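What follows is each chain in one-letter form.
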Amino acid sequence: MPPETFQIPIDADPAGVTAVAYPANDGRRLPALLVLAHGAGAGQRHPFMTAYAAQLAERGIDVVTFNFPYMERRRRMPDRAPVLEQAFRQVVAAAARRPEARGCRLFVGGKSMGGRMATHLAAAPSAWPTDAPPLAGVVVFGYPLVPPGGRRKGDRVTHLRQLGVPTLIVQGTRDPFGGPDEVRAAIFADDARPPVDIVGVSGADHSFGVLRAGGRDPESVHAEVQDAVVRWMQPLAGG
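> Is there a simple way to think about helix 7 (residues 218-237) in this case?
Side chains that are three or four residues apart share a direction in an α-helix, a result of its 3.6 residues per turn. Its 20 residues place the ends of helix 7 29 Å apart at the C-alpha level, agreeing with the 28 Å of an ideal helix rising 1.5 Å per residue. Turning to helix 7, its buried residues number three or more, namely Pro218, Val221, His222, Val225, Gln226, Ala228, Val229, Val230, Trp232, Met233 and Ala237. Buried residues belonging to helix 7 abut strand 3 (32-37), helix 1 (47-58), strand 5 (105-111), strand 6 (135-141), strand 7 (167-172) and strand 8 (196-201). Looking one or two places after helix 7, you find Gly238, whose phi comes out positive at around 75°.

> Would you take a moment to explain the pattern of salt bridges for this structure?
Oppositely charged side chains may form a pair once their charged atoms are brought near each other. Inspection of the entire model under this criterion finds 10 salt bridges. With a shortest N-O distance of 2.9 Å, Arg29 and Asp26 are connected by a salt bridge. For Arg98, the salt bridge identified is with Glu100, shortest N-O distance 2.6 Å. A relative accessible area of 13% means that Arg98 is categorised as buried. You can call Glu100 partly exposed: its relative accessible area is 27%. Among the charged side chains, a network of salt bridges with common partners joins Glu4, Arg98 and Glu100.

> Would you mind showing me how to read the packing of helix 1 against helix 7 here?
It is at 10 Å that the axes of helix 1 and helix 7 come closest, and there the two elements cross at 50°. Taken together, the axes of helix 1 and helix 7 are oblique relative to one another. Where helix 1 crosses over helix 7, the handedness of that crossing is right-handed. Two secondary-structure elements touch here, helix 1 through Ala51, Tyr52, Gln55 and Leu56 and helix 7 through His222, Val225, Gln226, Val229 and Val230.

> Is there a simple way to think about the sheet that holds strand 2 (residues 13-22) in this case?
What holds strands together in a sheet is hydrogen bonding between their backbones, with the strands either parallel or antiparallel. Taken together, the eight strands give an open sheet; going across it, the order is 1-2-4-3-5-6-7-8, and neighbouring strands pair in mixed fashion. Looking at strand neighbours, the two that pair on one side only are strand 1 (4-10) and strand 8, the edges of this open sheet. On average, adjacent strands in this sheet sit at an angle of 20° to one another, irrespective of strand direction. Where strand 2 meets strand 4 (residues 62-66), four bridges bridge the pair, whose relative direction is antiparallel. Bridging from a neighbouring strand, Val20 pairs with Thr65 of strand 4. Where helix 3 (residues 81-96) meets the sheet, it contacts strand 1, strand 2, strand 3, strand 4 and strand 5, and its direction lies at approximately 150° from that of strand 3. Lying on the sheet, helix 6 (residues 180-187) is in contact with strand 7 and strand 8; it crosses strand 8 at an angle near 165°.

> Would you mind showing me how to read the packing of aromatic side chains here?
Any two aromatic rings considered together are summarised by their centre-to-centre distance and by the angle between their planes. The final tally for this structure, using the stated rule, is nine aromatic pairs. When the ring of Phe48 is compared with that of Phe208, the centres are 6.1 Å apart and the planes differ by 50°; the resulting orientation is tilted. Highlighted residues: Phe48 in helix 1 and Phe208 in the loop between strand 8 and helix 7, separated in sequence by 160 residues. Both residues of the pair, Phe48 and Phe208, count as buried.

> What is the right way to look at the side chain of Asp62 in this model?
Relative to the assigned elements, Asp62 resides in strand 4. Residue class for Asp62 comes out buried when judged on its relative accessible area of 3%. Within polar-contact distance, the side chain of Asp62 engages the backbone nitrogen of Ala24 at 3.0 Å. Apart from residues lying up to four places away in sequence, Asp62 is in contact with Tyr22, Pro23, Ala24, Arg29, Ala32, Leu33, Leu34, Glu100 and Cys104.

Definitions and cut-offs
Residues numbered from 1 in each chain as written. Predicted model: local features only at pLDDT ≥ 70, side-chain atom pairs only at ≥ 80, totals over all residues. Heavy atoms only, no water. Helix = DSSP H or I, 4+ residues; strand = E, 2+ residues; numbered from the N terminus. Expected span 1.5 Å × (residues − 1). Buried < 20%, exposed > 50% of the residue type's maximum accessible area, 1.4 Å probe, protein only. Contact = heavy atoms within 4.5 Å. Salt bridge = Lys/Arg side-chain N within 4 Å of Asp/Glu carboxyl O. Axes fitted to C-alpha atoms, helices over the stretch in contact; angles between N-to-C directions. Parallel < 35°, antiparallel > 145°, perpendicular 65-115°, else oblique. Left-handed = near helix turned anticlockwise from the far one by under 90°. Pairing = 2+ DSSP bridges. Phe/Tyr/Trp six-rings, centres within 6.5 Å; stacked < 30°, edge-to-face > 60°. Polar contact = N/O pair within 3.5 Å; in protein donor to acceptor, adjacent residues only side chain to side chain.

Written as C-alpha cells, this is what we have:
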C-alpha cells in the first residue's frame, strides 16, 4: 500500500500538522509501530526520512512520520523543546489510534533533533499520553551530542542516563556531532547503566553517508542500518 497523508490537530497550532503513514509489508509485518520525527533543518519529506520510513515499512514496521509545528509553518527556527515534545506526544496518541496500530508495540524515534526529542519523551514517563500504549523503545538516527565545531548546547546527556526504556542510538564514526565512542562515554560516565545500545556505522557521517573512496557502497550502508534497527526492535515487539 502507498503512504497515506493525514492531518493531526495539536495544541500548538489549530491547523494541526501533516503526518504520513507508511504501511508495513504484510508478508513481513511485525507488531510494531514507529513514530519517527525529523531533524532540525528539514521536514518529513527529506529524502532521508522518506527513504528510511519506506524501507523500514518494507521490512515489516508500520511507520508514521510528521512535521513539527515550525516546519509545518515553514519557519526556519525550531520551536522550543516543550512545544516540540508536546506536539510529538499528540502525534504519538493520534498514530496509536489508527486501525493498523491495534495490537502493535509502540516505538518513537527520529533523526538528529527528532531523535533527541524522542529520548526526552522516554525520559518523562509521567507526561506520556494516557490514551497511548506504553512505550516499548526508542530509535535514534544520529544523536546530536555536540554541535560541529562548538560546545555542547545545554545538557544533552543527563536525561539519557535516566532512561528506563530500551533505546538504540545509531551513530556514524565520522559524525561531526559526536561519534559512537563519544556518545557512549558521555552516557555511561559515572557508572550510569541505562538500557541504551549504541551501534557505530564505520566511515559514516551524521546521515550515514560514506565516502566512496572508502570502498563501501552507500546504499548497502543504509540497508545495514535498517536491518540492524529491525533486528533490535523485533524481540521488543514480540515478533
